[in-house]
Amino acid sequence: MTTGNTGPAPGGPGGLNPPAFGQASGPGGLTPPASAHGQPAIELRGISKSFGAVRANEDISFSVPKGTIHGIIGENGAGKSTLMSILYGFYRADQGEILIHGLPTALPDSQAAIRAGIGMVFQHFKLVQNFTVLENIILGAEDGPLLGRSLRRARDSLTALAREYELDVDPDALVEDLSVGHQQRVEILKALYRNADILILDEPTGVLTPAEADHLFRILRGLRDQGKTILLITHKLREIMETTDNVSVMRRGRLVGSVRTSETSPAALAELMVGRKVLLETGKAPARPGPVLLSAELLTLRDEHKVERLKSVSLDLRAGEILGIAGVAGNGQSELLSILGGMTRPGEKVTGRLTLGGHDLPLTGRGSDGKSRREAGIGHVPEDRHHAGLILDFTAWENTALGYDDDPAYQRGLLTDNQAIRDDTRRKMQVWDIRPPIHTLAAKSFSGGNQQKLVIAREFEQDPAILLIGQPTRGVDIGAIEFIHKQIIALRDQGKAILLISVELDEIMSLSDRIAVMFDGRIIGIRDPATTSESEIGCLMAGIAPTAEAS
Ligand code: ADP
Ligand code: MG
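Below is a summary of the structure that appears in this document. (Residues numbered from 1 in each chain as written. Chains lettered and ligands numbered in written order. Predicted model: local features only at pLDDT ≥ 70, side-chain atom pairs only at ≥ 80, totals over all residues. Heavy atoms only, no water.)

## Re the overall build of the protein
Condition: We count a stretch as a helix when DSSP gives it H or I for four or more residues in a row; a strand needs E for two or more, and each element gets its number in order from the N terminus. Just to be clear, the radius of gyration here is over C-alpha atoms, and the globule rule we use is 2.2 Å times residues to the power 0.38. For each residue, the accessible area found with a 1.4 Å probe, counting protein chains only, is set against the maximum for its type, and the residue is called buried under 20%, exposed over 50%, and partly exposed in between. Any pair of residues with heavy atoms lying within 4.5 Å of one another is described as a contacting pair. In these tables, accessible area is a Shrake-Rupley quantity obtained with a 1.4 Å probe, and a residue counts as shielded only by the protein chains included in the view. Here Asp and Glu are counted as negative and Lys and Arg as positive; His is not counted, and neither are the chain ends. Working definition for charges: the position is that of NZ of Lys, CZ of Arg, CG of Asp or CD of Glu.
A tally of helices and strands in the protein yields 17 helices and 22 strands. The C-alpha radius of gyration of the protein comes to 25 Å, within 12% of the 24 Å expected for a compact globule of 551 residues. Seen along its three principal axes, the alpha-carbon backbone of the protein occupies a region of about 75 × 55 × 45 Å. Each of the 551 residues in the protein was classed as buried or not, and the buried ones make up 52%. Partitioning the contacts of the protein with sequence separation of at least 6, the portion at a separation of at least 24 is 68%. Of the roughly 24,800 Å² of accessible surface on the protein, a fraction of 52% belongs to carbon and sulfur atoms. Distance between charge centres in the protein, computed from 59 positive and 68 negative side chains, equals 2 Å.

## Examining the site of ligand 1
Cut-off, in case you're wondering: Each residue is tested against the molecule or strand, and it is near if at least one of its non-hydrogen atoms lies within 4 Å. Under the rule applied, a polar contact is a pair of N or O atoms within 3.5 Å (in protein, one hydrogen donor and one hydrogen acceptor; residues adjacent in sequence only if both atoms are side-chain atoms). Each residue gets one label: Ala, Val, Leu, Ile, Met, Phe, Trp, Tyr, Cys and Pro are nonpolar, Asp, Glu, Lys and Arg are charged, and the others, such as Gly, are polar.
Taken together, Phe 51, Val 54, Ala 56, Glu 75, Asn 76, Gly 77, Ala 78, Gly 79, Lys 80, Ser 81, Thr 82 and Tyr 91 form the complete shell of residues around ligand 1. Measuring from an oxygen atom of ligand 1, one finds a backbone N or O atom of Gly 79 at 2.9 Å. Ser 81 places a main-chain nitrogen or oxygen 2.9 Å from an oxygen atom of ligand 1. Relative to its unbound accessible area of 560 Å², ligand 1 is 62% covered by the protein chains. For the shell around ligand 1, the elements supplying multiple residues, two or more each, are strand S2 (54–64) and helix H1 (80–87). Of all the elements, H1 adds the most residues to the shell around ligand 1, at three residues. In terms of residue class, the shell around ligand 1 is built from five nonpolar, five polar and two charged.

## Topic: the pairing of strand S9 (residues 246–251)
This is how it is decided: Strand pairing is assigned whenever DSSP identifies at least 2 bridges connecting the two strands.
Buried residues dominate S9, accounting for six of its six residues. Two strands pair when backbone bridges link them, and S9 and strand S10 (residues 254–260) are joined in this way by six bridges, in the antiparallel orientation. Bridge pairing in S10 links Val 249 to Gly 257. Here S9 hands over to S10 after two residues, with Arg 252 in that stretch at a positive phi of 50 degrees.

## Points about the sheet that holds S2
Ordered in space as S2-S1-S4-S5, the four strands form an open sheet in which the pairing is antiparallel. Each edge of the open sheet is held by one strand with a lone partner, namely S2 and strand S5 (103–104). Sheet analysis places strand S4 (residues 95–100) next to S5, joined by two bridges and oriented antiparallel. Paired with Leu 99 across the strands is Pro 104, a residue of S5.

## Some thoughts on the nonpolar core
Here is the rule: Take the buried residues of types Ala, Val, Leu, Ile, Met, Phe, Trp, Tyr and Cys, join any two whose side-chain atoms come within 4.5 Å, and each joined set is a nonpolar core.
Formed by 38 residues in total, the largest nonpolar core has its most connected members in Ala 326, Phe 460, Ile 469, Ile 488, Val 517 and Ile 537. Among the elements of the structure, strand S13 (322–326), helix H14 (448–461), strand S19 (466–470), helix H15 (478–493), strand S20 (497–501), helix H16 (505–511), strand S21 (514–519) and helix H17 (534–541) are those that each provide at least two residues to this core. With seven residues, H15 is the single largest residue contributor to this core. Aside from chain neighbours lying at most four places away, what touches Ala 326 is Gln 333, Ser 502, Leu 505, Ile 508, Ile 515, Ala 516, Val 517, Met 518, Ile 537 and Met 541.

## Topic: H14
Defined as follows: Every helix has an expected span of 1.5 Å times one less than the residues it contains.
Taking 1.5 Å per residue as the helical rise, H14 with its 14 residues ought to reach 20 Å, and the 20 Å between its terminal C-alpha atoms agrees with that figure. Counting buried residues along H14, 12 of its 14 residues qualify, which places the element largely inside the surrounding structure. Buried within H14 are the following residues: Gly 449, Asn 450, Gln 451, Gln 452, Lys 453, Leu 454, Val 455, Ile 456, Ala 457, Arg 458, Glu 459 and Phe 460. Positive backbone phi, approximately 60 degrees, marks Asp 463, located one or two places after H14.

## Looking at the pattern of salt bridges
Where charged atoms from two side chains of opposite charge come close, those side chains can pair. Using the following cut-off: Salt bridges, as used here, are contacts in which a Lys or Arg side-chain nitrogen is within 4 Å of a carboxyl oxygen on Asp or Glu.
Summed over the entire model, instances satisfying the criterion amount to 34 salt bridges. The shortest N-O distance in the salt bridge between Lys 311 and Asp 520 comes to 3.2 Å. A residue pair is termed long-range when its members are at least 10 positions apart, and Lys 311 in strand S12 (residues 308–318) and Asp 520 in the loop between S21 and strand S22 (522–527) qualify at 209 residues. Lys 311 sits in the buried class, given a relative accessible area of 15%. Residue Glu 459 is joined to Arg 374 by a salt bridge in which the shortest nitrogen-to-oxygen separation is 2.9 Å. Here Glu 459 is found in helix H14, whereas its partner Arg 374 is found in helix H10 (residues 370–375), with 85 residues between them in sequence. Side by side, Glu 459 and Arg 374 carry an identical accessibility label, which is buried.

## Some points on the side chain of Lys 49
Its place among the elements puts Lys 49 in strand S1 (residues 42–51). Although Lys 49 lies buried, it forms no salt bridge, and the closest oppositely charged side chain, Asp 94, sits 4.0 Å away as judged by the N-O distance. Every residue in contact with Lys 49, bar those within four places of it in the chain, is listed here: Val 54, Arg 55, Ala 56, Asn 57, Thr 82, Ile 86, Tyr 91, Arg 92, Ala 93 and Asp 94.

Set out below in structure tokens:
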């Protein structure tokens, strides 16, 4: 998959067009946006940080004007979180200088960052679940015992903050009763309560529905308009385009460009991230669906606590189509995939009916395991490649035969033919561009994207009639995403029946021929991507069914 290396030469941002405004004083540097005045809120000068041999950040310099939303994008492992952790005092830079509002500022720990007015909205919220919103917000921010008077004062200022920034949450609600979107608002309020005027959000929308994400961005724009400075880390190009004023692109620990959002495009940003041109559209032909291959009727799964995780789900999967399952994580998608792929756990109880080409497939006991499913012609790229797709301590070549050790191609007489498996692995590594192409390396030594390619190469090349694909591009770089998407479409065009589960709505929208949306363990609607919209799917994902079902 070597397309012409048209990307910009690696190295400093100096060779880029448009020029970086990071070097604020340099000739040709962009003037900061009109909303800013005086010193930049943040200026990074030559920040470097290594973990052992890994150079996570290398000579990073840019500045963020006050009162702007600054996006930071880059592939997995580009060094975004490391840089933000330095800014929040979690890590200390090996080299470089940080200026906050023009003053060189040491950030040895997060207390120092908070004192400097920097607030971090964590990806995995650090809230105490059985405390109220108010208790969580004042926790650690107030000295001494919480007397009635200080509590009342805290409540008043919280209410004022919430009103000012449209962050409506009930101060007396228990955090455990709040949706993920509301918990995130509590995190933001917590930072504002500590007088943060610089907010860092690291991949904040991974856990949100599209509507919740839109609400978050409205809040962020409101905060910006009130003079706050926001650093938004995301790998989603659309969020960068819609929300930020400026964007810095990181690649392999380096800053490869800082541009004004209004002067760039998703394609240009993708190219900067990857270092070569990337096709963002799949350009797939219309589906030509054939007969129903897999049919599920009223599948229900109760977990070991007898809680219904999957509730009477029925669906048909046809040859030559990609049926996408959209939904916020945790709404039954994983349970559906585990039943179909034969990966339910002991203690889980499954009822309903599953047929393949008209023949019943067992849902429990003998013949309901993953190996039997694969023998029946159902390939499976599990959602969680670390636990279900690979044995991390085994080598790449051992993982190639995982679940397929009975394959005649891997047998010689009655024995397993290890040499045949090794040869096949070497060939797959070449075809699928798996790096490094060392078949004796342990699976855990590959990056996420290359681990995923190991699993996908194994499952796709078995040529199953039906493929279950869970989160195919989670943690995978944009270049590899493009490649994986092409392979999925190619399989569909060969007539395979494909069930695709993904929490990335963009992925579902661009690949699926039909979209089923799951909410609270049920399929709440099935839509045609040609006639639906992201907002309609988003409503369904939030459990709002706008019209009577006509599926
Ligand atoms: P991003 O957030 O852009 O995905 P990170 O900043 O998390 O990237 O990681 C940058 C690089 O630094 C990666 O190669 C990662 O494996 C490495 N890295 C990050 N944190 C640590 C750590 N605590 N110890 C060792 N290596 C780390
Ligand atoms: Mg990160």
